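Below, each chain spelled out in residue letters.
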Amino acid sequence: MNDRFGDLNIWEVLGLIRKQWRWPLFGGLIGLVSGFVLYLALPSKFEATVVISPARVGSLVVAPSGATIVQGSEPESAALMIERFKQPSFFSASIREKCQYKESPNYQAEMVKDLNANMVKLPNPTFQSLSLAKISWNASSPQIASNCLSAIVFAVQEAQNLIAAPVIEKLKAQKKITQDQVNLYLSELAKYEAKASNKDNSNNFNQIVIADKAAQNLRESLTIVRKQLAEEEAQLSEPYTQPVKQLEPIYAAFEPIITSRLAIIMGLLAGIFIGSFALLLKLSLRRYRSEANDGVDSK
């Protein structure tokens, strides 16, 4: 053994603890009892969790080949949505009531701290992949935790619907214009096709040729406009345009976050550590005093 306690290696420390095993044993017993008492004293907490995807709005993008591609964009990404949860103003009185959170002047700031929200990383992200947010809330019962998350998701849906509404209305207006144009072309095409096939005009070859040429031009224009209408319809359909969505129903665990077994194990381990630390501290102080007395005697 070395002259100073600070120079002991890990095996010498473990050897000291093994010889003085009553200290960690006594500490473990105290920790075990303390953990169980603490579990009984503290209210049980149950966690509810949900994964949601932000709202999306369709858009058209020109590919390198020159073709147009329909894709979805997020007016508010999951990262910005999580930032919204950090604003106390997000937690309205209705959310507080659903969460059965105590009413106080600072309840909004307190709810910000209690809500847990994180980005979810997809294993194989693509350009069309949705960004996701995982939200969890702890409450005194599974039902309260579930109701609280439902209120939070509903508030997010309302907020993102307001953000996306102007863009969606613009897309709908453009779709109506294109649909009216298709209807107009179809009406004009029917007229020219009737003229081109009218037997009364058989003696007027020029009128037949003109009507047939006009009908051909309308068919070509109609093909282009119909393609545009199909793209605009795709923009307004899922998955390119969709509201905030839950990827699965809210999951509320029916087992508390800290169970009696976990509380006892944590208390036992903490007690063993504290008992061992107290033993080492005692031996260190004894060694220090012994060295101090030896120094005085030598003088």
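Everything quoted here is computed from the prediction, not taken from an experiment.

Considerations on the overall build of the protein
Here comes step 1: Broken down by element type, the protein carries 8 helices and 7 strands.
Here comes step 2: Total accessible area on the protein is roughly 19,300 Å²; 59% of this is exposed by carbon and sulfur atoms.

Focus on the state of the cysteines
Here comes step 1: Counted by the stated rule, this structure contains 1 disulfide.
Here comes step 2: For Cys-99, the disulfide goes to Cys-148, at an S-S distance of 1.9 Å. Taking the torsion about the S-S bond as the criterion, the Cys-99 to Cys-148 disulfide, at about 65 degrees, is right-handed. With Cys-99 in the loop between helix H4 (93-98) and helix H5 (107-114) and Cys-148 in helix H6 (residues 142-196), this pair connects stretches of sequence that are 49 residues apart.
Here comes step 3: Looking at Cys-99, the relative accessible area reads 4%, which means it is buried.

Let's talk about the side chain of Ser-136
Here comes step 1: Relative to the helices and strands, Ser-136 resides in strand S5 (residues 132-139).
Here comes step 2: The buried category is assigned to Ser-136, whose relative accessible area is 7%.
Here comes step 3: With sequence-adjacent residues up to four places away left out, Ser-136 is seen in contact with Glu-47, Ala-48, Thr-49, Asp-114, Leu-115, Asn-116 and Leu-149.

Describing helix H3 (residues 78-85)
Here comes step 1: Those residues of H3 that fall on the buried side of the exposure criterion are Ala-78, Met-81, Ile-82 and Phe-85. With its buried residues spanning 100 degrees around the axis, H3 presents them on a single face.
Here comes step 2: Residues of H3 that are buried sit in contact with strand S1 (46-53), H5, strand S4 (116-120), S5 and H6.

Looking at the pairing of S5
Here comes step 1: Extensive coverage of S5 is indicated by the burial of 6 of its 8 residues.
Here comes step 2: Bridging between S1 and S5 involves 7 bridges; their strand directions are antiparallel. Across the sheet, residue Phe-46 finds its bridge partner in S5, namely Ala-139.
Here comes step 3: Of the strand pairs in this sheet, S4 and S5 are connected by 5 bridges, and their pairing is antiparallel. Its bridge partner being in S5, Met-119 is matched across the sheet by Ala-133.

Side note on the pairing of strand S3 (residues 68-73)
Moving residue by residue along a regular strand, the side chains alternate between the two faces of the sheet.
Here comes step 1: Sheet topology note: the strand S2 (residues 57-62)/S3 ladder contains 6 bridges and is antiparallel. Paired with Ser-59 across the strands is Gln-71, a residue of S3.
Here comes step 2: The hairpin turn running from S2 into S3, its antiparallel successor, is 5 residues long, and Gly-66 in that turn takes a positive phi close to 100 degrees.

A look at the pattern of salt bridges
Here comes step 1: Under the definition given, this model contains 9 salt bridges.
Here comes step 2: Between Glu-74 and Arg-56 there is a salt bridge, and its shortest N-O distance comes to 3.5 Å. With Glu-74 in the loop between S3 and H3 and Arg-56 in the loop between S1 and S2, the pair connects residues that are 18 residues apart, well separated along the chain.
Here comes step 3: Judged by its relative accessible area of 24%, Glu-74 is partly exposed.

Here we look at the packing of H3 against H6
Each pair of packed helices can be described by the angle between their axes along with the distance between the axes.
Here comes step 1: Where H3 contacts H6, the two axes come as close as 12 Å, and the packing angle between them is 120 degrees. Here H6 runs oblique to H3, going by the angle between their axes. In the packing of H3 onto H6, the handedness of the crossing is right-handed. Listed contacts from H6 to Met-81, Arg-84 and Phe-85 of H3 are Ile-152, Val-156, Ala-159, Gln-160 and Ile-163.

Focus on the layout of surface pockets
Here comes step 1: Volume-wise, the second largest pocket comes out at about 210 Å³.
Here comes step 2: Looking at which element gives the most residues to the lining of the second largest pocket, the answer is S5, with 3 residues.
Here comes step 3: Grouping the amino acids of the lining of the second largest pocket by side-chain chemistry returns 5 nonpolar, 3 polar and 3 charged.

Here we look at the confidence of the model for the protein
Here comes step 1: Taken as a whole, the protein shows an average pLDDT of 81; of its residues, 83% reach a score of 70 or greater.
Here comes step 2: Predicted confidence for residues 1-6 stays below pLDDT 50, and this span has 16 contacts to residues more than four positions away or in other chains.

Things to note about a nonpolar patch on the surface
Here comes step 1: Taken together, the side chains of Leu-32, Val-33, Val-37, Ile-265, Leu-268, Leu-269 and Ile-272 make up a nonpolar region of the molecular surface, amounting to roughly 550 Å² of accessible area.
Here comes step 2: Mapped by element, the contributors of at least two residues to the nonpolar patch are helix H2 (22-41) and helix H8 (260-298).
Here comes step 3: Looking at which element gives the most residues to the nonpolar patch, the answer is H8, with 4 residues.
Here comes step 4: Tracing the backbone through its elements, the reader meets Val-33 in helix H2.

As for helix H7 (residues 205-235)
Here comes step 1: For H7, built from 31 residues, the straight-helix expectation of 45 Å at 1.5 Å per residue is met to within 8% by its first-to-last C-alpha distance of 45 Å.
Here comes step 2: Regarding H7, the residues found buried are Ala-211, Ala-214, Ala-215, Leu-218, Leu-222, Val-225, Leu-229, Glu-231, Glu-232 and Gln-235.
Here comes step 3: Looking at the buried side of H7, the elements it contacts are S2, S3 and H6.

Cut-offs used in this document
Residues numbered from 1 in each chain as written. Predicted model: local features only at pLDDT ≥ 70, side-chain atom pairs only at ≥ 80, totals over all residues. Heavy atoms only, no water. Helix = DSSP H or I, 4+ residues; strand = E, 2+ residues; numbered from the N terminus. Areas by Shrake-Rupley, 256 points an atom, 1.4 Å probe, with all protein chains shown as cover. Disulfide = S-S within 2.5 Å. Buried < 20%, exposed > 50% of the residue type's maximum accessible area, 1.4 Å probe, protein only. Contact = heavy atoms within 4.5 Å. Arc of directions from axis to C-beta. Pairing = 2+ DSSP bridges. Salt bridge = Lys/Arg side-chain N within 4 Å of Asp/Glu carboxyl O. Axes fitted to C-alpha atoms, helices over the stretch in contact; angles between N-to-C directions. Parallel < 35°, antiparallel > 145°, perpendicular 65-115°, else oblique. Left-handed = near helix turned anticlockwise from the far one by under 90°. 1 Å grid on protein atoms, 1.4 Å probe; cavity = no way out; pocket = protein on both sides within 12 Å on 5 of 7 lines; lining within 4 Å. Points joined across faces, edges and corners; volume = space filled by probe spheres on them. Nonpolar A, V, L, I, M, F, W, Y, C, P; charged D, E, K, R; others polar. pLDDT = per-residue confidence, 0-100. Patch = residues over 30% accessible without salt bridge, like charges linked within 9 Å, V, L, I, M, F, W, Y side chains within 5 Å. Expected span 1.5 Å × (residues − 1).

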